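A closer look at the structure
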Amino acid sequence: FIKNFIDHYSGEGARAVPLAGHVGFDSMPDQLVNKSVNHGFCFNILCVGETGLGKSTLMDTLFNTKFEGEPTQHNQPGVTLKSNTYELQESNVRLKLTVVNTVGFGDQINKEDSYKSIVEFIDAQFEAYLQEELKIKRTLHSYHDTRIHACLYFIAPTGHSLKSLDLVTMKKLDSKVNIIPIVAKSDAISKSELAKFKIKITSELVSNGVQIYQFPTDDESVAEINSTMNSHLPFAVVGSTEEVKIGNKMVKARQYPWGTVQVENENHCDFVKLREMLIRVNMEDLREQTHTRHYELYRRCKLEEMGFKDTDPDSKPFSLQETYEAKRNEFMGELQKKEEEMRQMFVQRVKEKEAELKEAEKELHEKFDRLKKLHQDEKKKLEEKKKSLDDELNTFKQKKMAAELLLTQAQQAGGSTTLKRDKERKK
Amino acid sequence: MSDSAKSHHLNPHGKGDKTHASDFSYVGIDAILEQMRRKAMKQGFELNIMVVGQSGLGKSTLMNTLFKSKVSRKSVLPDPEERIPKTIEIKSISHDIEEKGVRMKLTVIDTPGFGDQINNENCWQPIMKFINDQYEAYLQEEININRKKRIPDSRVHCCIYFIPPTGHCLRPLDLEFMRRLSKVVNIVPVIAKADTLTLEERDHFKQTIREELRANGIDVYPQKEFDEDSDDRMINDKIREMIPFAVVGSDQEYQVNGKRILGRKTKWGTIEVENIGHCEFAYLRDLLIRTHMQNIKDITGSIHYETYRVRRLNESNILFTAHPPEHPTPGTKQSQTYNLFTCTNPHCGDWEEDLNSNF
């Protein structure tokens, strides 16, 4: 029954009927727009480019505000991404703008891994959204979408060709984000050099298979302007927040001794084109492409990586769930196995340590026994010595007594002088 | 990761158009409204309305009157016998209509047989099942790996419930149906064939109905708990004081005061459908189509559908939790959020650390 129903909905059963009067659902676009206005919009731009190419200045110029931040140093050990969120308001539209900057891009000696932190950052935003979408109790309606809608890639104005870092980075990013390449600080290149530079860049991008964002040409109201602009890519921009007086007006410009580069003069640079395309014409399309193309691709890859498959039209059950369950049981089984392994290893190590300790104990005991024996031997020896000493002493005493006895006898028998002499002799 | 948002006011006045090279303080963010409008016009809109009520209450006529064309089931599948079906059938017809460049795919879902049997027990079940089946279909599309760019929306956005104009109070069938279905779909109750009630009878009837709905805890559209802010509440409170709308439908035109208007001609006068002094059809039309259509769809998508999704994902799997319980108790349903991609055992890392540090 559901299958039939879905067929019904794919347009096969719908008939076109004319209306006999004004019904009023032509207000639907207004209702939709009002809801969005109440809700607010969000837009996230990633600026990729070497330090010193004017990324922050361009953002300030584009959005006519002084965003915070100081120019970064050139001695970063790796590429980090710093993001700042601002709430802008124009008439009744509230925009939550997030600007992400690549800090330290291009400053390292070895730049092989530079693109990695950028890719990781973009993926992390997709991941966060995916996790929210997969939650049981989710609040997608009020979720702050941090996925990158547009990536402005700043190309250094060398005038020759793209650097290999640029090609590698853009190739890694083109399936994850809408890339809009721009030539930064383009007031450093002359007009003729710029034309050649643009052609070279475009051909290098094409020959390396880098997919940059194309402004959409399927809606007639904007098809013409978008296709014209597509041919002007990459935009050669100049940014400035300083104002200079030209004629009787104050305009944003950069003043040099030889002249003034006006930011909003289309003869001087493509800033106006960039602003037109990025903000005034295609902001919604950038958001939609991010969601329906880049995010879906990420989601599909991630889920397939986990081993999920779609149901075929014949099978009925809630396949994602079953596969998840199976995966989970597998995972739990592995986890238990790991636990077991760890437990066994733990037990093993304890045993080993115990054995070690026992060894040590035994050694100690032996040592103790040896020492004790030594001690006893010593003691014995000493005692023997003492004994022999005592014996000597006794013998001496006896001799002494005998001598004294003799002396007393001699004294009793006769003269004392001979005794004395004998005594002395005896001594 | 990101610092707290700072507020910048770019240009408090000056909406501007595209040619404003001199006004350099204008950025052009508000052009996104135009971009959205263009996109919406290109995509078109979808609306699915279900009508529920006993036969003979003028459901088909009202649909035709609302959309000023033959969109009802009877106009499309004419039934010469006008039989009442033995069981409830669910019939849906889709139409592509267009007005001032805005294209809409309207689907009218009719439920012939509802409330017509002698024993009407569980007559809401096929309808509940139908509504849930649409949520299920949408959910299945949503969880596919390869998803369609635009998931076709067949979910019932609004269910118009026709109350017979008895003038007394709601019948048990009405209460039972509305109680059950107000939890899964937006219900808009209307008093059908209101030309049989005088104005006093009508007001009294409406008041009784409102009280009964309140006493039974039935929340019909616009639901009080979904008011977003005080502006919303103010507008919706006014509507809540007027529902249910007492409507009269007609697809026949008559000449009144030199104008051709839709009405019902009787011997004692002609009832003008779009005259708010006669009946409240215009209010219903304005609510459903001109002012609250987007809101109705939003509530269906972000509240009713999400409720169904939560229930569905929970009931299929007890293990759908972020932390596997140490001593799992069978039969517990935990509706915590789950995280598909991260390691779920919090102890693994600790043990490893201990092992390594002690030896």
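For every chain, the first residue of the written sequence is number 1, and numbering continues from 1 along that sequence. The naming scheme follows written order: chains are lettered A onward, ligands numbered 1 onward. Thresholds applied to this predicted model are a pLDDT of at least 70 for local features of residues and 80 or more for the giving and counting of side-chain atom pairs; totals over whole chains, interfaces and linings are not thresholded and use all residues. Each side-chain value is worked out from all heavy atoms of the structure, with water and hydrogens disregarded.

**Re a negative patch on the surface**
All names here are of chain A. Surface patches are defined over residues having more than 30% relative accessible area and no salt bridge, joining like charges when they lie within 9 Å and nonpolar side chains (Val, Leu, Ile, Met, Phe, Trp, Tyr) when within 5 Å. Note on areas: Shrake-Rupley with a 1.4 Å probe; residue coverage comes only from the protein chains shown. Salt bridges are defined as contacts in which a side-chain nitrogen from Lys or Arg sits within 4 Å of a carboxyl oxygen from Asp or Glu. Lys and Arg are tallied as positive, Asp and Glu as negative. Neither His nor the chain termini are counted. Positions of charges follow a simple convention, taking NZ of Lys, CZ of Arg, CG of Asp or CD of Glu. Together, Glu-359, Glu-363, Glu-366 and Asp-369 line one region of the surface with negative charge. Inspection of the secondary structure assignment puts Glu-359 in helix 10 (residues 319–413). Burial classes follow relative accessibility: with a 1.4 Å probe on protein chains only, a residue under 20% of its type's maximum area counts as buried, one over 50% as exposed, and anything between as partly exposed. Here Glu-359 falls in the partly exposed class, since its relative accessible area comes to 45%. Only DSSP runs of H or I covering at least 4 residues are called helices, and only runs of E covering at least 2 are called strands; the numbering of each starts at the N terminus.

**Brief notes about the sheet that holds strand 9 (residues 259–266) of chain B**
Residues and elements named next belong to chain B. Strand order in this open sheet of three strands is 8-9-10, and the pairing throughout is antiparallel. The sheet is open, and its two edges are formed by strand 8 (253–256) and strand 10 (269–272), each paired on a single side. Between one strand axis and the next, the sheet turns through 65° on average, direction left out of account. As paired strands, strand 9 and strand 10 are joined by four bridges and run antiparallel to one another. When the bridges of strand 10 are listed, Thr-266 appears paired with Gly-269. Pairing between strands is defined by DSSP: at least two bridges between the two strands are required. Orientation is described by lines fitted to C-alpha atoms, with helices fitted over the stretch in contact, and by angles between N-to-C directions that extend from 0 to 180 degrees.

**Some thoughts on the pattern of salt bridges**
All names here are of chain A. Taken as a whole and judged by the stated rule, the model has 48 salt bridges over all chains. Ionic pairing is found between Asp-60 and Lys-66, a salt bridge with its closest N-O pair at 3.4 Å. Using a relative accessible area of 57% as the deciding quantity, one classes Lys-66 as exposed.

**Structural notes on helix 5 (residues 164–173) of chain A**
Inspection of helix 5 of chain A places Leu165(A), Asp166(A), Leu167(A), Thr169(A), Met170(A) and Leu173(A) among the buried residues, and these make up the whole buried set. Throughout, a contact is declared for two residues whenever any of their heavy atoms are within 4.5 Å. At its buried positions, helix 5 of chain A is contacted by strand 2 (41–48), helix 4 (114–134), strand 5 (150–155), strand 6 (179–183) and helix 6 (191–207) of chain A.

**Focus on the layout of surface pockets**
All names here are of chain A. Definitions used for this entry: grid spacing 1 Å over protein atoms alone; cavity, a set of points where a 1.4 Å probe fits but cannot get out; pocket, an open set with protein on both sides within 12 Å along at least 5 of 7 lines; lining residue, one with an atom within 4 Å of a point. Grid points are joined across faces, edges and corners, and a volume is the space filled by probe spheres set on the points. Looking at the second largest pocket, its volume works out to about 830 Å³. Considering the residues around the second largest pocket, the lining is formed by 34 residues, among which Gly-54, Lys-55, Ser-56, Thr-57 and Pro-71 are closest to the centre. If you list the elements that add at least two residues to the lining of the second largest pocket, you get helix 3 (55–63), strand 3 (80–90), strand 4 (93–103) and strand 9 (249–256). In terms of residue count, helix 3 provides more of the lining of the second largest pocket than any other element does, six residues in total. Three categories are distinguished: nonpolar for Ala, Val, Leu, Ile, Met, Phe, Trp, Tyr, Cys and Pro, charged for Asp, Glu, Lys and Arg, and polar for the others, with Gly belonging to the last. When the residues that make up the lining of the second largest pocket are grouped by side-chain class, the tally is 12 nonpolar, 12 polar and 10 charged.

**Some points on the state of the cysteines**
Residue and element names in this part refer to chain B. The definition used for a disulfide is geometric: two cysteine sulfur atoms within 2.5 Å. Under the criterion given, the structure shown has zero disulfides over all chains. Cysteine Cys-123 is unpaired, with the sulfur of Cys-159 as its nearest cysteine sulfur at 12 Å. The buried category is assigned to Cys-123, whose relative accessible area is 4%. No disulfide involves Cys-158; its nearest neighbouring cysteine sulfur is the one of Cys-159, lying 7.0 Å away. Classification of Cys-158 by relative accessible area gives buried; the value is 1%.

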